[in-house]
Amino acid sequence: MDLLKTLVEKGLRRELPTREEALAVLATSDDELLDVVAAAGKVRREWFGRRVKLNYLVNLKSGLCPEDCSYCSQRLGSTAEILKYTWLKPDEASKAAAAGVAGGAKRVCLVASGRGPTDRDVDRVSRTIEAIKEQNEGVEVCACLGLLSDGQAERLRAAGADAYNHNLNTSEGTYGDITTTHTYADRVETVRQAQTAGLSACSGLIAGMGESDADLVDVVFSLRELDPDSVPVNFLIPFEGTPLAKEWNLTPQRCLRILAMTRFVCPDVEVRLAGGREVHLRSMQPLALHLVNSIFLGDYLTSEGQEGRADLEMIADAGFEVEGADTTTLPEHRGGCAPCGGGETAPAAGAEIPPARTDLVAVRRRGAGTDLAPNA
């Protein structure tokens, strides 16, 4: 397809596609899907090789949020049967973070429900960051605490935070349909405050909320303009007890097209496969690794994710490798390592080959020749 050739060339030059080109990616047919994945995969490998960065969420304070974000199980008025608890103590959060680091996570994301932190909350989170950094040498810490007030980003940076997450979630034109207790402009301002304070900005979207293709392109183009270092792509988890509980709009194929479009528009940033991947991509998750260079390991804020070991096996089976703590994620022109050159990643000298999964071989004890029902 001429479209895909053009998009690859633009991605390798870090050139912005046109809106029409981005929309065309979302409009491709299922027959063209593997071609789309292969094309976006070339761009992904140029800037990130075959590395996959692992991130781990720690929910510092769950539920009882005064905001009315329609997608969120922690929102005002939610009847979703989620865990609800107040702030974790620094040692509790550090223990939770250590589990993720032990599983291979390079970044720990500290999240708290609410409109935004008070100054006392910032003090509390600062102590938590310090505790995590003290126990886990070299780990990156990203805070996600809602809307920031003046000076709070600088205080988090001084405490050792490396990044701040605040997602745009959807297009500016449809934001008021999703949330009424704050504005799209509020979110943009918080991301800019984080950048000004020297924090690495992390801002992404949620797909599957009933938005149009044009809305998806709008928000991804807005993210490109905002220029965060990482862009998490979430797929709506329609929790019972929330206004969007009936919004089951995604297929694995559509998810892959959304990820590919995001990669073409944001070729050299950390595109992270975030919440909802297990729900909507299902057995197609390994294909998504050709588009993203980052995933969350294990569970999410209020929902359970794929088992961590299964994540690691998926990465290895798909021919990718977990990004090490001594490797800088971003390419050189974004302040990281030199461009990865699009090549295959060869095993390091002396690296161990993963053992064969002999535990997957099980003798059949059901079906023909037995009194038990077959596995069908």
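In this text, all values refer to a predicted model and were calculated from it rather than measured experimentally. (Residues numbered from 1 in each chain as written. Predicted model: local features only at pLDDT ≥ 70, side-chain atom pairs only at ≥ 80, totals over all residues. Heavy atoms only, no water.)

To continue, consider the overall build of the chain. Per the secondary structure count, the chain includes 13 helices and 10 strands. Against the compact-globule benchmark of 21 Å for 376 residues, the chain has a radius of gyration of 21 Å, which places it among compact chains. With the C-alpha coordinates aligned to their principal axes, the bounding extent of the chain is approximately 65 × 55 × 50 Å. When burial is assessed residue by residue, the chain has 54% of its 376 residues classed as buried. Once local pairs closer than 6 in sequence are excluded, the contacts in the chain between residues at least 24 apart make up 76%. Counting every atom, the chain has about 17000 Å² of accessible surface; 50% of that belongs to carbon and sulfur. (Helix = DSSP H or I, 4+ residues; strand = E, 2+ residues; numbered from the N terminus. Rg over C-alpha atoms; globule rule 2.2 N^0.38 Å. Buried < 20%, exposed > 50% of the residue type's maximum accessible area, 1.4 Å probe, protein only. Contact = heavy atoms within 4.5 Å. Areas by Shrake-Rupley, 256 points an atom, 1.4 Å probe, with all protein chains shown as cover.)

If you walk through the whole model with that rule in mind, you get 2 aromatic pairs. Look at F296 and Y300: their rings are 6.4 Å apart centre to centre, the planes differ by 80 degrees, and that puts the pair in the edge-to-face class. Accessibility classification places F296 together with Y300 in one group, the buried group. Here R50 stacks its cationic end above the ring of F320, 4.3 Å away from the centre of that ring. (Phe/Tyr/Trp six-rings, centres within 6.5 Å; stacked < 30°, edge-to-face > 60°. Lys NZ or Arg CZ within 6 Å of the ring centre and 35° of its normal.)

Right, let's talk about unusual backbone geometry for a bit. Excluding glycine, a negative phi dihedral is what most residues carry, and trans is how most peptide bonds are arranged. The backbone of R14 shows a phi angle near 60 degrees, a positive value even though the residue is not glycine. Within the element layout of this structure, R14 appears in the loop between α1 (2-13) and α2 (19-26). Judged by relative accessible area, R14 falls into the partly exposed class, the value being 37%. Phi is positive for D227, which is not a glycine, with a value near 60 degrees. Topologically, D227 is positioned in the loop between α9 (213-226) and β7 (230-235). When its relative accessible area of 40% is taken as the criterion, D227 is described as partly exposed.

This part takes up the confidence of the model for the chain. A residue-level look at the chain finds 93% of positions with pLDDT of 70 or above and a mean pLDDT of 92. In the predicted structure, residues 342-351 sits below a pLDDT of 50 and forms 8 contacts with residues beyond four places in sequence or in another chain. (pLDDT = per-residue confidence, 0-100.)

Turning our attention to the nonpolar core. Judged by nonpolar contacts, the single largest core of 60 residues is most densely connected at F235, L259, M261, F264 and L289. When residues no more than four places from it in sequence are discounted, the contact partners of L289 are R44, V52, I295, M314, I315, A318 and F320. Of all hydrophobic cores here, the second largest spans 27 residues; its members include A105, A112, L156 and L199. (Core = buried A, V, L, I, M, F, W, Y, C linked by side-chain atoms within 4.5 Å.)

Now for the pairing of strand β2 (residues 107-112). The buried fraction of β2 amounts to 6 of the 6 residues, a majority that puts the element mostly inside the structure. In β2, alternate side chains face the same way, and those of R107, C109 and V111 on one face and V108, L110 and A112 on the other are all buried. Pairing geometry for strand β1 (residues 51-61) and β2, over 6 bridges, is parallel. Bridged to K61 within β2 is A112. Taken together, β1, helix α4 (residues 90-102) and β2 constitute a β-α-β crossover, and its handedness is right-handed. Judged from the 5 bridges that link them, β2 and strand β3 (residues 140-144) form a sheet pairing that is parallel. Each residue of the ladder has a partner; that of V108, found in β3, is V141. One crossover worth recording links β2 to the parallel β3 by way of helix α5 (residues 119-135), and it is right-handed. (Pairing = 2+ DSSP bridges. Right-handed = clockwise from strand over helix to strand, strands pointing away.)

A pair can form between side chains of opposite charge whenever their charged atoms are brought close. According to the stated counting rule, one finds 23 salt bridges in the structure shown. A salt bridge links D218 to R19; its shortest N-O distance comes to 2.5 Å. Of the two residues, D218 is situated in helix α9 and R19 in helix α2; the sequence distance between them amounts to 199 residues. Exposure remark for D218: the relative accessible area of 28% places this residue in the partly exposed category. Of the residues examined, R19 reaches a relative accessible area of 31% and is grouped as partly exposed. (Salt bridge = Lys/Arg side-chain N within 4 Å of Asp/Glu carboxyl O.)

What follows concerns the pairing of strand β8 (residues 270-273). Because side chains alternate across β8, one face comprises the buried residues E270 and R272, and the other comprises V271 and L273, equally buried. Pairing analysis gives 4 bridges linking β7 to β8, with the strands arranged parallel. Among the inter-strand pairings, V231 is bridged to a residue of β8, identified as V271. On the question of chirality, the crossover connecting β7 to the parallel β8 by way of helix α10 (residues 252-265) is right-handed.

In this structure the tally under the stated criterion is 0 disulfides. C72 provides the cysteine sulfur closest to C65, a residue in no disulfide bond, and the two sulfurs are 6.4 Å apart. No disulfide involves C144; its nearest neighbouring cysteine sulfur is the one of C142, lying 6.8 Å away. What makes C144 buried here is its relative accessible area of 16%. (Disulfide = S-S within 2.5 Å.)

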